[in-house]
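Fold and contact review
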Amino acid sequence: MLQDSIRSLLAQCNTILYRLLMHEWFDVEKKLESSANVAACAAGLDTTMFSADVRPADPRFGDFQVNGALPYAKRLKTNPREVAQKLVTAFEKDNSLTTVADLSIAGPGFINFKFKPQFYSNWLAAFATESDFKESASRFYSDERVVVDYGSPNTAKQMHVGHIRSVVIGEAICRLLEFCGAKVTRDNHIGDWGTPYGKLFFAYKRHLDESALTEDPLGELERLYKLGSELAGEDEAVLDECREELVKLQAEDPGAMALWEKVNELSIAGLKDVYDQLDVTFDCYLGESFYRDKVQQVYDELSDSDLAEESKGALVVFHPEHKRYAKQPFIIRKSDGASNYATTDLATMLYRHEHFNATRIVIVTDDRQKDHFEQLDLTTAKWFERTGRERPIFNHVMFGKITGEDGKPIKSRSGDPIRLKDLIAEAIERAYAVVKEKNPDLSDAELEHIAQTVGVGAIKYADLSPNRTSDYVFSWDKLLSFEGNTAPYLLYATARIQSIFRKLEGPQKEGLEKRASTLETDEEIALARKIVEFVGALQTTIETLRPHMLCLYLHELAGTFSAFYSANKVIVEEEGVQARRLILCSRTLLALKIGLSLLGIKTLERM
RNA sequence: GGGGCAGUAGCUCAGCUGGAUAGAGCACCUGAUUUCUAAUCCGGUGGUCGGGGGUUCGAGUCCCUCCUGCCCUACCA
């Protein structure tokens, strides 16, 4: 009895100790990097000239490789293989390394690390739940407060496919940052002020269809705005009336403001319907109107700190040190005295700094605005420096445009842009047909649920999986494809894994680590290795703010799993084999679930 | 005129910032004891990485140059 308690106590101590030891291996690349730096020091290398350069290796050579010997030897004009040999000798004095991996030198001086199967078992035991992952990952960005500005539609207009990238990419970035420990504020900088309101109000007051407004507020507002533009284009008198409406609004006339507020309320409600479908929720909607009383401070401070100057009647900022912006001005006040987007964007920088205490500001827009944001960043840097403010890191997360086959902006058959809600509806419809065909026995409620998840997931994944900076040729088939490197492929892998666990009795799912034997087959090792790579993929994704890096990884993981699944039967007689394979299944599922949720994609129990 | 982005397999794209024999998906050609979900897997066909020079142990990746396409370039956002 006493013996048993002692044994169990010892086992617990072991577990704790061992988890502490494994803890530093969460990020294998980082661990190898710091080991390499220690080794470089021990080997007597000039550490100021040494950079480890750790990366996943080609499986033919090893699991990870340290390539730092080559550039080091180049800089010092010595033999790279000798440098590598010195490093390996130093590495081999480090027990924490030699017990888990075999080292070898190859080619001109690559140092390959081949992990022992036991290492993978230990890693999989140490990082077993979402909170294990989150706890370790949340140290990456724990001291950051980030405002992410994405979405940015205009009021009184429906969103079309052109808006999808900002929403989907922006949301993925928010989730990634949050997972890595940052405090994130999601801010939708809507276009809710300015010239379109004159025309909208003119038409609203004369041609409003009340019932249409109740049924489809955004549709009706959009119709009215178009009507107003049309009428103003045809008739000078109408145009004058539109201008009058606008003047009233800008003077904040109570009647105009009441109507403006109503339009905004309806618009945001309409936008939220679509965001709900995409599982996106913003913390705030601080649009252009919010900053209209904050522009004077921008003019004053930029003028007082000698950044802004008068040029051709406008207030502008030049950057003499820049080859381009020395000549190309950043116009912060137009010659008619009105503000523009440069003004409001500067005001947002200040507000996000002061109100949210942001350490980082991320703005997600298309790449045509690259110049604008470069100028914004340069200007903010100088402005904040001269006024003694700490400047947040600024990232312009830009993306390429979506075009038709001809390279022009995409249009539906009627000539209007394809509405986002129509795209989503079609995706769900197509998914429904596929699910029903593949799995006719499911209840209708479950069918609907699966179709929803698969359809929306497919759209998001199609938008996240290409490199965001590339242009994008729109095609229904590509956005709604369910084959190949798509969300359904990843979801299918999760469904298969869960199906395995459904086959098991309760006790078979418990205490797997105790029963598991050491990983053995090529497919098992390959899968374990791929799971461990999750952390590196996460790092690369967040450092570059490029979600496609995570997509690429998840697709590889699902592929490695599928290969494992067909080659190695999981539910088998031998208890040890079954247990170790179940662990692999459960960790694959974990990595897929975390990864997909970071991309904003929901997972399924079955499909 | 100036600046930027891009050009990789028939098509759509990756290629982690200079690493080993350039990879996926689609399409095409083949297979897979009726199985823990075949929305899968194993093979195969397919490449002068736009052309030409250069830098070095090593270039799709860096530099120069030319070709092609797109975007920005003073008051739209």
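Just above, that's the structure.
Here the structure is a predicted model, which is why all the values come from computation and not from measurement.

**A few points about the sheet that holds strand β1 (residues 54–56)**
- The strand order across the open sheet built from 4 strands is β1-β2-β4-β3, with neighbouring strands paired in antiparallel fashion. The open sheet terminates on both sides in strands that have one partner only, identified here as β1 and β3 (101–106). For this sheet the average axis-to-axis angle between neighbouring strands, irrespective of direction, equals 25 degrees.
- In terms of strand pairing, strand β2 (residues 64–66) meets strand β4 (residues 110–115) through 3 bridges, oriented antiparallel. Considered in β4, the bridge of F64 is made with F113.
- Taken strand by strand, helix α2 (residues 28–42) contacts β1, β2 and β4, and its axis lies near 145 degrees from that of β1.

**Description of the protein's contact with RNA strand B**
- Close to RNA strand B lie 62 residues, the nearest being Q65, K334, Y489, S499 and Y565.
- Considering the 4 Å shell around the protein, atoms of RNA strand B inside it are sugar or phosphate in 57% of instances.
- At 3.0 Å from a phosphate oxygen of RNA strand B is found a side-chain nitrogen or oxygen belonging to S470.
- Within the side chain of S566, one N or O atom sits 3.3 Å away from a sugar or linking oxygen of RNA strand B.
- Breaking the surface near RNA strand B down by element, the ones donating at least two residues are α3 (69–76), β4, β8 (314–317), α16 (370–386), α17 (420–438), α20 (487–502) and α25 (547–567).

**Focus on helix α24 (residues 534–544)**
- Burial of α24 is extensive: 8 of the 11 residues sit out of reach of the surface.
- Turning to α24, its buried residues are F534, V535, G536, A537, L538, Q539, T541 and I542.
- Two residues or fewer after α24 comes L545, characterised by a positive phi angle close to 50 degrees.

**A closer look at the sheet that holds strand β5 (residues 145–149)**
- The strand order across the open sheet built from 4 strands is β6-β5-β10-β11, with neighbouring strands paired in parallel fashion. Here the strands that pair on one side only, and so sit at the sheet edges, are β6 (183–187) and β11 (393–399). Across this sheet, the average inter-strand angle for adjacent strands is 20 degrees, counted without regard to direction.
- The pairing of β5 with strand β10 (residues 360–366) spans 4 bridges and is classified as parallel. Across the sheet, residue D149 finds its bridge partner in β10, namely I363.
- Contacting β5, β6, β10 and β11, helix α15 (residues 341–354) crosses the sheet at an angle of about 145 degrees to β10.

Quick notes on the rules
- Residues numbered from 1 in each chain as written.
- Chains lettered and ligands numbered in written order.
- Predicted model: local features only at pLDDT ≥ 70, side-chain atom pairs only at ≥ 80, totals over all residues.
- Heavy atoms only, no water.
- Pairing = 2+ DSSP bridges.
- Helix = DSSP H or I, 4+ residues; strand = E, 2+ residues; numbered from the N terminus.
- Axes fitted to C-alpha atoms, helices over the stretch in contact; angles between N-to-C directions.
- Contact = heavy atoms within 4.5 Å.
- Near = heavy atom within 4 Å.
- Polar contact = N/O pair within 3.5 Å; in protein donor to acceptor, adjacent residues only side chain to side chain.
- Buried < 20%, exposed > 50% of the residue type's maximum accessible area, 1.4 Å probe, protein only.

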